[in-house]
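Read off the chains here:
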Amino acid sequence: MKDDKKNYLKYVKDTCLDCSLCTQNCDFLTKYGLDLADFATREDLAYSCFLCGRCYEVCPVDLDGREISLIHRKNEGFGMMKFEKSLYKFRNNSNKETKDLLWLGCSFPRAFPETTKKMIEIFKDDGCDYSIDCCGKPVFESGDKERAQNNIDHVKMLLLKKKVKRVVTCCPNCYHFFKDYTDINVITIYEKLHELGIGKVFEDEFHIYHPCPDKVHKEMFKDLKYFMPNAKSDYKDVLCCGLGGLASRDEPEIAKAFLDRLKNYESMVTTYCASCSIQFTKNGIANQHALTMILGTDEKVVPTSLARLIKMKFYGGR
């Protein structure tokens, strides 16, 4: 986030060219007839932005609606989400020292338990430990800065105790949150698998859906491309799976429109975000997660159950 929040809002208002490119490329801005300069004055719409980054991608002077939205947010609601994720109630950590730590996040283990177990075994063979935990991004995006900082402090203390040098994450949300908002040294699971010489390489053409945090610079996708060199970046008119930025609460019609747009495509959707995969499956959109393919499990999303969350919390006897 920009260091000086108030000055950033002023900077947006002073710098905006009124070209309307952001409006033309954003369902939310279009709905309210705003450009980013207008949005900088609309604190009441803080939770209407899906944080997809499309406005930043098209803005000729690099203004960022995501930052505007996050500055506006003042800790509203989302009680059940905060209860679960601050601190994550189903976290599974150990005190074992490890150079690389497989950070499985909270979404991937609940969606793909068998692939999760396979990755744990791969890292065990490499002498590395794992963690099932929440990075804190959902709480951070709610505007609850105090609880979000508690989550970040918890993660940093865990890494310090375990003497972790690198965090390896399979979740684009975790990857970008750690990279953009902390000083944690983080790499993608695809880079690590490449280092280990593990994973199937596909020459087929795949139609890739990019999750919101990776849409602009596609950093995780660049590592994924080693395993899927002929993957195509498709679905560019679908800005979000509908879960981004917690905006589906305030903008359910826009969230539904994203999914309806995706249903018009005939191709199989390949994604690398467990949250997107959960959302697509829930809404009847056929999809596959790249990591399950690369590791040969070809696992489909498993519906969340409390019993499985508890089982994963104590997986490994910890």
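Here is what the cut-offs are and how they apply
- Residues numbered from 1 in each chain as written.
- Predicted model: local features only at pLDDT ≥ 70, side-chain atom pairs only at ≥ 80, totals over all residues.
- Heavy atoms only, no water.
- Helix = DSSP H or I, 4+ residues; strand = E, 2+ residues; numbered from the N terminus.
- Contact = heavy atoms within 4.5 Å.
- Areas by Shrake-Rupley, 256 points an atom, 1.4 Å probe, with all protein chains shown as cover.
- Lys, Arg positive; Asp, Glu negative; His and termini not counted.
- Charge placed at Lys NZ, Arg CZ, Asp CG, Glu CD.
- Buried < 20%, exposed > 50% of the residue type's maximum accessible area, 1.4 Å probe, protein only.
- Phe/Tyr/Trp six-rings, centres within 6.5 Å; stacked < 30°, edge-to-face > 60°.
- Expected span 1.5 Å × (residues − 1).
- Arc of directions from axis to C-beta.
- Patch = residues over 30% accessible without salt bridge, like charges linked within 9 Å, V, L, I, M, F, W, Y side chains within 5 Å.
- Salt bridge = Lys/Arg side-chain N within 4 Å of Asp/Glu carboxyl O.
- Disulfide = S-S within 2.5 Å.
- 1 Å grid on protein atoms, 1.4 Å probe; cavity = no way out; pocket = protein on both sides within 12 Å on 5 of 7 lines; lining within 4 Å.
- Points joined across faces, edges and corners; volume = space filled by probe spheres on them.
- Nonpolar A, V, L, I, M, F, W, Y, C, P; charged D, E, K, R; others polar.
- Pairing = 2+ DSSP bridges.

> Mind showing me how you'd approach the overall build of the protein chain here?
Broken down by element type, the protein chain carries 18 helices and eight strands. Seen along its three principal axes, the alpha-carbon backbone of the protein chain occupies a region of about 55 × 45 × 35 Å. At a minimum sequence separation of 6, the contacts of the protein chain that also span at least 24 residues come to 74%. For the protein chain, the computed accessible surface area is about 14000 Å², with 51% contributed by carbon and sulfur atoms. Charge-centre separation for the protein chain: the mean point of 49 positive side chains lies 5 Å from the mean point of 46 negative side chains.

> Is there a simple way to explain the side chain of T292 in this structure?
Mapped onto the fold, T292 is located in helix α17 (residues 290-294). Other than its neighbours up to four places away in sequence, T292 contacts F112, T115, T297, D298 and E299.

> What should I look at first to understand the environment of Y181 in this one?
Take Y181: it is sitting in helix α12 (residues 172-181). Judged by relative accessible area, Y181 falls into the partly exposed class, the value being 29%. Along the primary structure Y181 and I152 are separated by 29 residues, whereas in three dimensions their C-alpha atoms are 9.2 Å apart.

> I keep staring at the packing of aromatic side chains and nothing clicks. Help me out?
To describe a pair of aromatic rings, one takes the distance between the centres and the angle between the planes. Under the defined criterion, the tally for this structure stands at 17 aromatic pairs. Judged by centre distance (5.4 Å) and plane angle (75°), the rings of W103 and F178 are edge-to-face. Residue W103 is found in strand β1 (residues 100-103), and its partner F178 is found in helix α12; the two are separated by 75 residues along the sequence. Judged by relative accessible area, which is 1%, F178 ranks as buried.

> Could you clarify how one ought to interpret helix α15 (residues 252-263) in this entry?
Structurally, the α-helix is built with 3.6 residues per turn, so residues lying three or four positions apart point the same way. Taking 1.5 Å of rise per residue, twelve residues should cover 16 Å, and α15 covers 17 Å from first to last C-alpha, within 8% of that figure. Buried residues of α15: I254, A255, F258, L259 and L262, and no others. Down the axis of α15, the sector holding all buried residues measures 140°, keeping them to one side. In α15, the exposed residues that point more than 90 degrees away from the buried face are E253 and K256.

> Please explain a nonpolar patch on the surface as it appears in this structure.
Residues L306, I310 and F314 make up a contiguous nonpolar surface patch of roughly 300 Å² in combined accessible area. Here I310 shows up in helix α18 (residues 306-313). A relative accessible area of 37% places I310 in the partly exposed class.

> Can you help me understand the environment of I189 in this one?
The residue I189 is located in helix α13 (residues 189-196) in this model. Sequence separation between I189 and S142 is 47 residues; the distance between their C-alpha atoms is 27 Å. For I189, the contacting residues outside a window of four places in its chain are L102, M119, F123, V168, T169, C170 and L291.

> Would you take a moment to explain the state of the cysteines for this structure?
Covalent bonding between the sulfur atoms of two cysteines defines a disulfide. By the definition in use, this model includes zero disulfides. No disulfide involves C22; its sulfur sits 6.0 Å from the nearest other cysteine sulfur, which is in C16. You can call C22 buried: its relative accessible area is 8%. Here C170 stays free of any disulfide, with the sulfur of C171 as its closest cysteine sulfur at 6.6 Å. Accessibility expressed as a relative area gives 1% for C170, which makes it buried.

> Can you walk me through empty space enclosed by the protein in this structure?
Under the definition given, this model contains three cavities of 30 Å³ or more. The space that makes up the largest cavity amounts to roughly 110 Å³. Looking at the largest cavity, it is lined by 14 residues, and the ones nearest its centre are C26, C49, F50, L51 and C52. Elements with a minimum of two residues in the lining of the largest cavity: α3 (27-32), α5 (54-58) and α15. For the lining of the largest cavity, the class distribution of residues is ten nonpolar, one polar and three charged. As a volume, the second largest cavity reaches approximately 70 Å³.

> Before we go on, may I ask you to explain the pairing of β1 in this structure?
Remember that side chains alternate between the two faces of the sheet whenever the strand is regular. The alternating pattern of β1 places D100 and L102 on one face and L101 and W103 on the opposite face, and all of these are buried. In this sheet, strand β3 (residues 166-169) lies alongside β1 in parallel orientation, the contact comprising four bridges. The partner of D100 across the bridge, within β3, is R166. Sheet analysis places β1 next to strand β2 (residues 129-131), joined by three bridges and oriented parallel. Counterpart to L101 in the pairing with β2 is D129.

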